[in-house]
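Chain and residue survey
One letter stands for each residue in the lines below.
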Amino acid sequence: MFYKFATVLATLLAIYVYRSGRALLYHVFTVPALPKGYFAGGDYKDHCLVLKDEIDNQLNHCEHIVFWDHLDEEDNVSDRFVFLSCDPGRRAWNTVMGPMDDPDPLGHLWIYSTETRSLSPVTLANYPEGHDFHPLGMDVLPSKAGAPSTLFLVNHPRENSTVEQFVLDPAQPTVATYVRTLTSPYFVAPNSLALTSPTSFYLTNDHLMTRRLPGLFGSILPSVEAIGGLPLTWVAHVTVLPDGTIQHKVVAFGIAIANGVALSHDGLYLAVASSSLAKVYFYRRDPSTNDLTLDRKVTVPFVPDNVMYDDEDVLIVAGHPHYPSFIAVVENKPGAKAPSWVVSIRPSVATSGTGESEGHRNSYSKMTGYDSRAPLSASVIAPAALTDEVETIFQSDGSVYGTSTTGLIDSRTGTFYLTGLYEDGLLVCYAEQRNV
Ligand SMILES: *[C@@H]1O[C@H](CO)[C@@H](O)[C@H](O)[C@H]1NC(C)=O
Ligand SMILES: *[C@@H]1O[C@H](CO)[C@@H](O)[C@H](O)[C@H]1NC(C)=O
């Protein structure tokens, strides 16, 4: 009996080490030797700055950023804004990481104009009295020729997590008008969403066992799920019907902590971050059914948080290189800082299916290591992907900018934007040197 038990335990442990060993070794037990700051576009001191709300200090703890494009009749971008979802009260209310002490101070949306380089708070019009606002992931469709856009965002109020629908009018970009609240027993731990039409989206759930569970269950089980790499979370496709009810379909299950999600511009690929396993999953999407088929997995050198496609369908992934430092920040340990790391994932140039060229490239990258420009190369931590090129865009030990969650690149100008879950302000790095 004992031997049987020991064998089962040893087998489970072996599977665990096989699946999670690398992630544990590098993201839990090793403090990565990251620089104070590094930006791939040039010296960070000359190219980057942190934009803050100098008046009320309300632009902080921002989880997500998305571009809101204004298109002309020919679908060319005539103006581009960055939308930010921020929650200054995150240290007292965080349903993903804890604590859940005080849901009262509400979060905010901000809008940044890439044209005038100015920040403005966004007012929520018609928002229901007494309904908490703790925004997380969001997505907005471009506005074409002055037409309004739909904005959906994940909200974590005190009762249960919801998805909020807003409409944005390009004539009044600093107002988001509330449309409705979506609620469902399937919204267990909604985190991030990617729109597939003005009334439908993919939605990740980051945990099956959440901090909303009563007592000790809520304080222990979410960590067991995350650290254990348990493959219990999923991606759903949600369609909102005209009467506000929803159709909900699970399209990918068995992901260990499904976090950020993004749809490629051609609508054929969906990228999903698995935080526990430090991987990004790429699915092929059938646009007629919204069904997904796993295409490939790419390992990243950190615990990935949000994923966003740039204009050329290169995926920008931001995340947390050292989990214990991140937890120390979440737990408000005095002086705690957590590092940042952002990479791009670009599909390798098509090898026209010949194993030879792929094998050749692989041995080449094994010889030289990839990501050779970064102070701490991703190749030290993550094995090279055969299918994709991974390259560092930004690194910081947390002193310049920490707790990176979402990175965006404006491919027209090369400008890079980054938010930090527990940082004050928005990091902006320009391709050209900024004038000081
Ligand atoms: C708009 O885009 C089209 C192609 O989509 C291009 O031919 C045209 O030059 C663009 N117009 C402007 C004003 O950039
Ligand atoms: C979530 O809470 C709201 C407000 O209390 C309630 O109206 C809604 O039915 C709840 N949804 C679920 C799925 O429990």
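Before reading further, recall that the structure is shown in the block above.
Everything in this summary refers to the structure shown in the same document. (Residues numbered from 1 in each chain as written. Chains lettered and ligands numbered in written order. Predicted model: local features only at pLDDT ≥ 70, side-chain atom pairs only at ≥ 80, totals over all residues. Heavy atoms only, no water.)

1. Some words on the sheet that holds strand 25 (residues 415-420)
- What the four strands build is an open sheet, ordered 2-26-25-24; its pairing is antiparallel. Edge positions in the sheet fall to strand 2 (48-51) and strand 24 (404-410), since each of these pairs with one other strand and no more. Sheet twist, expressed as the mean angle between neighbouring strand axes with direction ignored, is 20°.
- Judged from the three bridges that link them, strand 25 and strand 26 (residues 426-429) form a sheet pairing that is antiparallel. Opposite phenylalanine 416, over in strand 26, you have cysteine 429 as the bridge partner. (Pairing = 2+ DSSP bridges. Helix = DSSP H or I, 4+ residues; strand = E, 2+ residues; numbered from the N terminus. Axes fitted to C-alpha atoms, helices over the stretch in contact; angles between N-to-C directions.)

2. Digging into the environment of serine 161
- Along the chain, the position of serine 161 falls in the loop between strand 9 (149-155) and strand 10 (162-168).
- Considered as a pair, serine 161 and alanine 189 are 28 residues apart in the sequence and their alpha carbons are 6.7 Å apart.
- In contact with serine 161, not counting residues within four places along its chain, are Asn155, His156, Phe187, Pro190 and Arg212.
- Within polar-contact distance, the side chain of serine 161 engages the side chain of arginine 212 at 3.0 Å. (Contact = heavy atoms within 4.5 Å. Polar contact = N/O pair within 3.5 Å; in protein donor to acceptor, adjacent residues only side chain to side chain.)

3. Description of the state of the cysteines
- All chains considered together, the criterion is met by two disulfides.
- Between cysteine 62 and cysteine 86 runs a disulfide, and the two sulfur atoms are separated by 2.1 Å. The S-S bond linking cysteine 62 to cysteine 86 shows a torsion near 95°; that makes this disulfide right-handed. Note that cysteine 62 is positioned in strand 3 (residues 62-71) and cysteine 86 in strand 4 (residues 77-86), a separation of 24 residues in sequence. In terms of burial, cysteine 62 and cysteine 86 fall into one category: buried.
- Cysteine pairing in the protein chain follows 1-4, 2-3, where each cysteine in a disulfide is numbered by its order in the sequence. (Disulfide = S-S within 2.5 Å. Buried < 20%, exposed > 50% of the residue type's maximum accessible area, 1.4 Å probe, protein only.)

4. Points about the pattern of salt bridges
- Evaluated as defined, the whole model comprises 14 salt bridges.
- With a closest N to O distance of 2.7 Å, arginine 158 and aspartate 132 form a salt bridge. Here arginine 158 is found in the loop between strand 9 and strand 10, whereas its partner aspartate 132 is found in the loop between strand 6 (118-125) and strand 7 (135-140), with 26 residues between them in sequence.
- Between aspartate 388 and arginine 296 there is a salt bridge, and its shortest N-O distance comes to 2.7 Å. On the criterion of sequence distance, the pair formed by aspartate 388 in strand 23 (residues 388-396) and arginine 296 in strand 19 (residues 292-299) is long-range, its members being 92 residues apart.
- Residue class for aspartate 388 comes out buried when judged on its relative accessible area of 4%.
- Exposure remark for arginine 296: the relative accessible area of 14% places this residue in the buried category. (Salt bridge = Lys/Arg side-chain N within 4 Å of Asp/Glu carboxyl O.)

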